[in-house]
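Residues per chain, in single letters:
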Amino acid sequence: MLMFVETEAFAKKLEAMDEPERATAYEAVGRWFAEHADKITHHTHLQPVHTATTMRLGDGEPVITDGPFVEGKEVVSGFAEVEVADLDEALKLARTWPACPLVEIRPVA
């Protein structure tokens, strides 16, 4: 699984782009998905962070709050499930990601 992580700086940069620049950035992402379609089994873009709801489980009743699942300035904005031979191939694929500055790579169960 490749999880695409937005930073505050990246979000501000994207927000500051004019419409043609933003369209070019989204086109680069579309090309990336097209170029790697043979390895991608599922992908999606998540709604903005303000739409998140978090449930923290522990002793007693769960605590439900609005907002992302982690506290910080980085949030997962989307993911792609990929079928690759090993971590090296996943790293090679992640290096070509044209958008968010962080990609977390994690095996799926």
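Residues numbered from 1 in each chain as written. Predicted model: local features only at pLDDT ≥ 70, side-chain atom pairs only at ≥ 80, totals over all residues. Heavy atoms only, no water.

What follows concerns the pattern of salt bridges. Following the criterion strictly, the structure yields 3 salt bridges and no others. Taking the shortest distance from any N to any O, the salt bridge between Glu19 and Arg22 comes out at 3.0 Å. Of this pair, Glu19 and Arg22 are both found in helix α2 (residues 19-35), 3 residues apart, which corresponds to roughly one turn of the helix. Residue classification places Glu19 among the exposed positions, given a relative accessible area of 53%. The partner of Lys39 in a salt bridge is Asp38, and the shortest N-O contact between them spans 3.8 Å. With relative accessibility at 21%, the residue Lys39 sits in the partly exposed group. By relative accessible area, which is 65% here, Asp38 ends up exposed. (Salt bridge = Lys/Arg side-chain N within 4 Å of Asp/Glu carboxyl O. Helix = DSSP H or I, 4+ residues; strand = E, 2+ residues; numbered from the N terminus. Buried < 20%, exposed > 50% of the residue type's maximum accessible area, 1.4 Å probe, protein only.)

Moving on, we get to the environment of His42. With respect to the helices and strands, the residue His42 is situated in strand β2 (residues 40-45). Each C-alpha atom, one on His42 and one on Val82, is 7.2 Å from the other, the two residues being 40 residues apart in sequence.

Before going further, it helps to spend a moment on the confidence of the model for the protein chain. The pLDDT averaged across the protein chain works out to 89; a share of 95% of its residues lies at or above 70. Strand β3 (residues 53-56) is the least confidently modelled element of the protein chain, averaging 79 in pLDDT, while α2 averages 96, the highest of any element. (pLDDT = per-residue confidence, 0-100.)

With that out of the way, let us pick up the environment of Trp97. Examined against the element boundaries, Trp97 turns out to sit in the loop between α3 (87-95) and β6 (102-105). The buried category is assigned to Trp97, whose relative accessible area is 13%. On a C-alpha basis, the gap between Trp97 and Val29 in space is 7.5 Å, while along the polypeptide they are 68 residues apart. Setting aside residues no more than four positions away along its own chain, Trp97 makes contact with Phe4, Val29, Trp32, Phe33 and Val103. (Contact = heavy atoms within 4.5 Å.)

Let us look at the layout of surface pockets. Volume-wise, the largest pocket comes out at about 910 Å³. Forming the walls of the largest pocket are 40 residues, and the residues nearest its centre are Glu6, His45, Leu46, Ser77 and Cys100. Every element with two or more residues in the lining of the largest pocket is listed here: β1 (2-7), α1 (8-16), α2, β2, β3 and β5 (74-82). For the lining of the largest pocket, the element with the highest residue contribution is β5, accounting for 6 residues. Partitioning the lining of the largest pocket into residue classes produces 23 nonpolar, 12 polar and 5 charged. Taken as a whole, the second largest pocket encloses approximately 190 Å³ of empty space. Taken together, the residues of the lining of the second largest pocket break down into 9 nonpolar, no polar and 2 charged. (1 Å grid on protein atoms, 1.4 Å probe; cavity = no way out; pocket = protein on both sides within 12 Å on 5 of 7 lines; lining within 4 Å. Points joined across faces, edges and corners; volume = space filled by probe spheres on them. Nonpolar A, V, L, I, M, F, W, Y, C, P; charged D, E, K, R; others polar.)

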